[in-house]
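Secondary and tertiary structure notes
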Amino acid sequence: KGYEEKSGEKWPMILFLHGAGERGTDIWKVAVHGPPKHATNMTDFPFIVVSPQCPENQIWSTDTLSKLLDDVTKRYAVDTNRVYLTGLSMGGYGTWNLGLEQPERFAAMAPICGGGQYITVLLATRNNAEALKSMGIWAFHGAKDTVVPLSESERMVDALKRMGISNVKLTVYPEADHNSWTETYKNPEFYKWLLEHKRNAATTK
C-alpha cells in the first residue's frame with residue numbers, strides 16, 4: 001500500500017523461495033504458502049515481495065537468484081539496506097545457501113525447515129565474516145518433521161555459533177511436522193523482526 005515507484009521513497013523487500021512442490025510453470029503456485037499468501041491477509045503489508053518460481057526438476061541456483069536480485073533492485077524502488085531472504089523446505093536450503101554465500105546483500109534471513117552443508121558455513125565465515133555477523137538469522141523447524149529432520153537446522157545454527165556468529169537463533173515447534181512455515185509466516189512478529197534489521201555501508205564489505 002502506498003508504493004509509488006517514482007516518489008523517491010525506497011521500500012523493504014522480501015525474497016521468498018518456495019518449496020519443491022511449487023516448482024513448474026504455473027506461477028500462481030508460489031502463492032500457496034509463505035509471504036505471498038499472507039501478505040494478502042495483512043493490512044498495510046510494508047514489503048515488496050519477490051517470489052520467483054523454480055523450474056521443474058531443478059533446485060534453487062544462487063547464481064540465478066543473484067541476477068534476479070540485481071534486476072529487481074534496479075527496476076523497483078527497493079531499499080537495498082532492507083532486503084530480507086526467506087524460504088521453506090527446498091527454499092529453506094536455498095535460503096541457507098544464498099544467504100551464507102552473499103550475506104552482504106541481506107539484512108536478515110529466515111530459513112524454514114531447511115539445511116545446508118558445513119563447508120558453506122566455513123567458507124562464509126572466512127570470506128564474509130563481518131557481513132555475516134551483522135545479518136540477523138532466524139531459523140525455524142518442526143520437532144516432528146520426517147521430511148527434513150530437525151537436525152538439519154540444528155547443524156547449521158550450531159556451526160555458525162561455533163564460528164563466532166552470535167546473531168543466530170532457532171525456533172522449534174514441538175508439535176509441528178514438516179509444515180513449520182504456516183505458523184511462522186502468519187505471525188506478525190516475524191515481519192516486525194525482519195524490519196528490526198538494516199544493512200549499511202559499514203557492514204557490506
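Remember, it's a predicted structure, so these values are computed and weren't measured experimentally.

Brief notes about the packing of aromatic side chains
- Following the criterion strictly, the structure yields 13 aromatic pairs and no others.
- When the centroid spacing of 5.7 Å and the interplanar angle of 75° are considered together, the rings of Y185 and F190 count as edge-to-face. The exposure classification of Y185 matches that of F190, with both residues buried.
- Sitting above the plane of the W138 ring, K169 keeps its charged end 3.8 Å from the centroid.

Considering the confidence of the model for the protein
- This prediction gives the protein a mean pLDDT of 90; 95% of its residues lie at or above 70.
- Confidence drops under pLDDT 50 across residues 201-205; counting only partners more than four residues distant or on other chains, this segment forms 7 contacts.

Some points on the pairing of strand β4 (residues 108-112)
- Extensive coverage of β4 is indicated by the burial of 5 of its 5 residues.
- Across 5 bridges, strand β3 (residues 78-88) lies against β4 in parallel orientation. In the sheet register, T86 faces β4, and the bridge partner there is A110.
- Traced from β3 through helix α3 (residues 90-101) to β4, the parallel crossover comes out right-handed.
- Pairing of β4 with strand β5 (residues 136-142), which is carried by 3 bridges, proceeds in the parallel orientation. Among the inter-strand pairings, M109 is bridged to a residue of β5, identified as I137.

Overview of the sheet that holds strand β6 (residues 168-173)
- A sheet is described by the order of its strands in space; here 6 strands give the open sequence β2-β1-β3-β4-β5-β6, paired in parallel fashion. Two strands in the sheet have a free side with no partner beyond their single neighbour: β2 (48-50) and β6. Direction aside, neighbouring strands of the sheet carry axes that sit 20° apart on average.
- Pairing analysis gives 3 bridges linking strand β1 (residues 11-17) to β2, with the strands arranged parallel. Each bridged residue has a counterpart across the sheet, and for L15 the counterpart in β2 is V50.
- Sitting on the sheet, α3 is in contact with β1, β3, β4 and β5, with an inclination near 140° to β3.
- Against the sheet, helix α6 (residues 150-162) touches β5 and β6, its axis set at about 160° to β6.

So, the pairing of β3
- Within β3, 8 of the 11 residues are buried, which leaves it mostly tucked inside the rest of the structure.
- Where β1 lies against β3, 6 bridges are found, and the strand directions are parallel. The partner of W11 across the bridge, within β3, is V78.

Details of the nonpolar core
- Counting 33 residues, the largest nonpolar core has M13, L15, W96, L100, L132, I137 and L160 as its most contacted members.
- Looking at this core, the elements that each hand over two or more residues are β1, β2, α2 (62-75), β3, α3, α4 (118-127), β5 and α6.
- Leaving out residues up to four positions away in the same chain, L160 has contacts with W96, L100, V121, L132, I137, I165 and V168.
- If you look at the next biggest cluster of nonpolar residues, it comprises 22 residues, including L88, A110, F140 and W181.

A word on the state of the cysteines
- Using the criterion set out here, one finds 0 disulfides in the structure.
- C113 takes part in no disulfide bond, and the closest cysteine sulfur to it belongs to C54, at a distance of 16 Å.
- Relative accessible area serves as the criterion here: at 0%, C113 is assigned to the buried category.

Comments concerning the environment of T146
- If you trace the backbone, T146 turns up in the loop between β5 and α6.
- Residue class for T146 comes out exposed when judged on its relative accessible area of 75%.
- In this structure, the C-alpha to C-alpha distance between T146 and P46, residues 100 residues apart in sequence, is 34 Å.

Conventions adopted
- Residues numbered from 1 in each chain as written.
- Predicted model: local features only at pLDDT ≥ 70, side-chain atom pairs only at ≥ 80, totals over all residues.
- Heavy atoms only, no water.
- Phe/Tyr/Trp six-rings, centres within 6.5 Å; stacked < 30°, edge-to-face > 60°.
- Buried < 20%, exposed > 50% of the residue type's maximum accessible area, 1.4 Å probe, protein only.
- Lys NZ or Arg CZ within 6 Å of the ring centre and 35° of its normal.
- pLDDT = per-residue confidence, 0-100.
- Contact = heavy atoms within 4.5 Å.
- Helix = DSSP H or I, 4+ residues; strand = E, 2+ residues; numbered from the N terminus.
- Pairing = 2+ DSSP bridges.
- Right-handed = clockwise from strand over helix to strand, strands pointing away.
- Axes fitted to C-alpha atoms, helices over the stretch in contact; angles between N-to-C directions.
- Core = buried A, V, L, I, M, F, W, Y, C linked by side-chain atoms within 4.5 Å.
- Disulfide = S-S within 2.5 Å.

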